Amino acid sequence: MKYENLIKIVLSILYLGCLGDWDYGYYQLVRFLGMIGFGLLAYYEKERGNQELFILWLASAVLINPIFKISLGRFLWNIVDVFWAALLIGSIFYKPKSD
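Since this is a predicted model, take the numbers as computed values, not measurements.

Participant: Let's hear about the nonpolar core: which residues, and what values?
Facilitator: Among the nonpolar cores identified, the biggest contains 20 residues, and L11, Y15, F38, L41, W57, W84 and L88 are the most heavily contacted of them. When residues of this core are assigned to their parent elements, the largest contribution, 6 residues, is made by helix α2 (residues 24–48). Beyond its immediate chain neighbours, meaning those up to four positions away, L11 contacts L33, G34, G37, F38, L41 and L88.

Spelled out as C-alpha coordinates, the structure:
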(Lines give C-alpha, C1' and ligand atoms only; values in the text may rest on other atoms or scores of the structure.)
Protein backbone atom coordinates (compact mmCIF):
# COMPACT_ATOMS: atom_id res chain seq x y z
CA MET A 1 0.00 0.00 0.00
CA LYS A 2 2.40 2.67 -1.18
CA TYR A 3 -0.38 5.27 -1.51
CA GLU A 4 -1.49 4.62 2.04
CA ASN A 5 2.01 5.26 3.37
CA LEU A 6 2.31 8.38 1.21
CA ILE A 7 -0.93 9.72 2.69
CA LYS A 8 0.37 9.05 6.20
CA ILE A 9 3.69 10.81 5.54
CA VAL A 10 2.05 13.86 3.93
CA LEU A 11 -0.49 14.18 6.75
CA SER A 12 2.28 13.86 9.35
CA ILE A 13 4.24 16.68 7.72
CA LEU A 14 1.12 18.86 7.52
CA TYR A 15 0.28 18.27 11.21
CA LEU A 16 3.81 19.01 12.37
CA GLY A 17 3.65 22.14 10.21
CA CYS A 18 0.66 23.23 12.29
CA LEU A 19 3.05 23.82 15.20
CA GLY A 20 4.33 26.89 13.35
CA ASP A 21 2.70 30.28 13.10
CA TRP A 22 0.86 30.32 9.76
CA ASP A 23 -2.02 32.21 8.22
CA TYR A 24 -5.47 30.84 8.97
CA GLY A 25 -5.71 29.54 5.39
CA TYR A 26 -3.00 26.95 6.09
CA TYR A 27 -5.00 25.47 8.96
CA GLN A 28 -8.12 25.39 6.77
CA LEU A 29 -6.17 23.54 4.08
CA VAL A 30 -4.88 21.08 6.69
CA ARG A 31 -8.44 20.48 7.92
CA PHE A 32 -9.66 19.78 4.39
CA LEU A 33 -6.74 17.54 3.41
CA GLY A 34 -6.83 15.82 6.81
CA MET A 35 -10.50 14.96 6.45
CA ILE A 36 -9.88 13.48 3.01
CA GLY A 37 -6.72 11.67 4.10
CA PHE A 38 -8.25 10.18 7.24
CA GLY A 39 -11.33 9.21 5.24
CA LEU A 40 -9.17 7.32 2.75
CA LEU A 41 -7.23 5.64 5.54
CA ALA A 42 -10.51 4.60 7.18
CA TYR A 43 -11.69 3.15 3.86
CA TYR A 44 -8.46 1.14 3.44
CA GLU A 45 -8.77 -0.27 6.96
CA LYS A 46 -12.44 -1.14 6.45
CA GLU A 47 -11.49 -3.05 3.31
CA ARG A 48 -8.79 -4.89 5.27
CA GLY A 49 -11.19 -5.68 8.11
CA ASN A 50 -9.17 -3.82 10.76
CA GLN A 51 -12.00 -2.43 12.88
CA GLU A 52 -9.81 -0.63 15.45
CA LEU A 53 -7.86 1.46 12.95
CA PHE A 54 -11.02 2.03 10.90
CA ILE A 55 -12.71 3.61 13.93
CA LEU A 56 -9.59 5.62 14.83
CA TRP A 57 -9.18 7.09 11.34
CA LEU A 58 -12.90 7.75 10.99
CA ALA A 59 -13.03 9.54 14.36
CA SER A 60 -9.99 11.58 13.29
CA ALA A 61 -11.74 12.57 10.05
CA VAL A 62 -14.78 13.72 12.03
CA LEU A 63 -12.63 15.69 14.50
CA ILE A 64 -10.63 17.51 11.81
CA ASN A 65 -13.49 18.19 9.37
CA PRO A 66 -13.68 21.80 8.12
CA ILE A 67 -17.47 21.98 8.00
CA PHE A 68 -18.52 21.40 11.62
CA LYS A 69 -15.48 22.75 13.42
CA ILE A 70 -14.57 21.59 16.90
CA SER A 71 -12.78 24.31 18.84
CA LEU A 72 -10.10 22.91 21.13
CA GLY A 73 -7.83 25.95 21.43
CA ARG A 74 -4.33 26.24 20.04
CA PHE A 75 -2.58 24.35 22.85
CA LEU A 76 -4.84 21.29 22.62
CA TRP A 77 -4.76 21.29 18.82
CA ASN A 78 -0.93 21.27 18.99
CA ILE A 79 -1.07 18.20 21.25
CA VAL A 80 -3.51 16.50 18.86
CA ASP A 81 -1.29 17.39 15.88
CA VAL A 82 1.80 15.82 17.48
CA PHE A 83 -0.25 12.77 18.53
CA TRP A 84 -1.57 12.31 14.98
CA ALA A 85 1.89 12.73 13.44
CA ALA A 86 3.37 10.11 15.79
CA LEU A 87 0.42 7.77 15.26
CA LEU A 88 0.56 8.08 11.48
CA ILE A 89 4.31 7.47 11.31
CA GLY A 90 4.06 4.61 13.79
CA SER A 91 1.26 2.98 11.81
CA ILE A 92 3.56 2.76 8.78
CA PHE A 93 5.77 0.31 10.68
CA TYR A 94 2.98 -1.50 12.56
CA LYS A 95 2.20 -4.90 11.12
CA PRO A 96 -0.84 -6.68 12.63
CA LYS A 97 -0.30 -10.29 13.63
CA SER A 98 -2.03 -12.90 11.51
CA ASP A 99 -4.05 -15.54 13.34
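What follows continues from the structure just given.
Participant: Give me the lowdown on the packing of aromatic side chains, citing residues and values where you can.
Facilitator: Where two aromatic rings form a pair, the distance of their centres and the angle of their planes describe that pair. Across all of its chains, the model carries 8 aromatic pairs by this definition. Between the aromatic rings of Y26 and Y27, the centroid separation amounts to 5.7 Å while the plane-to-plane angle is 80 degrees, which identifies the pairing as edge-to-face. Summarising the burial analysis for this pair, Y26 and Y27 share the class buried. Ring centres of F38 and W57 lie 5.6 Å apart, and the angle between their planes is 20 degrees; on these two criteria the pair is classed as stacked. In this pair, F38 sits in helix α2 while W57 sits in helix α3 (residues 51–64), placing the two residues 19 residues apart along the sequence. The class of W57 is buried, set by a relative accessible area of 0%. In this structure, K46 is placed above the aromatic ring of F54, and the distance from its NZ or CZ to the ring centre is 5.0 Å.

Participant: Outline helix α4 (residues 74–93), listing residues and values.
Facilitator: Spanning 20 residues, α4 covers 29 Å between terminal C-alpha atoms, matching the ideal 28 Å at 1.5 Å per step. Buried residues along α4 sit against α1 (2–17), α2 and α3.

Participant: Kindly report on the packing of α3 against α4, identifying the contributing residues and their values.
Facilitator: Interaxial distance between α3 and α4 falls to 13 Å at its minimum, and their mutual angle equals 150 degrees. Here α3 lies roughly antiparallel to α4, going by the angle between them. Read as a crossing pair, α3 and α4 show a hand that is left-handed. On the side of α3, the interface is formed by L56, W57, S60, L63 and I64, while α4 contributes W77, V80, W84, L87, L88 and S91. Partitioning the contact of α3 with α4 into residue classes produces 9 nonpolar, 2 polar and no charged.

Participant: Please provide a residue-by-residue account of α2, values included.
Facilitator: Between its terminal C-alpha atoms α2 stretches 36 Å, which fits the 36 Å expected from 25 residues at 1.5 Å a residue. Those residues of α2 not exposed but buried are Y26, Y27, V30, R31, G34, G37, F38, L41, A42 and E45. Buried-residue contacts for α2 involve α1, α3 and α4. In the segment just after α2, G49 is the residue with positive phi, at about 85 degrees.

Rules and cut-offs
Residues numbered from 1 in each chain as written. Predicted model: local features only at pLDDT ≥ 70, side-chain atom pairs only at ≥ 80, totals over all residues. Heavy atoms only, no water. Core = buried A, V, L, I, M, F, W, Y, C linked by side-chain atoms within 4.5 Å. Buried < 20%, exposed > 50% of the residue type's maximum accessible area, 1.4 Å probe, protein only. Helix = DSSP H or I, 4+ residues; strand = E, 2+ residues; numbered from the N terminus. Contact = heavy atoms within 4.5 Å. Phe/Tyr/Trp six-rings, centres within 6.5 Å; stacked < 30°, edge-to-face > 60°. Lys NZ or Arg CZ within 6 Å of the ring centre and 35° of its normal. Expected span 1.5 Å × (residues − 1). Axes fitted to C-alpha atoms, helices over the stretch in contact; angles between N-to-C directions. Parallel < 35°, antiparallel > 145°, perpendicular 65-115°, else oblique. Left-handed = near helix turned anticlockwise from the far one by under 90°. Nonpolar A, V, L, I, M, F, W, Y, C, P; charged D, E, K, R; others polar.

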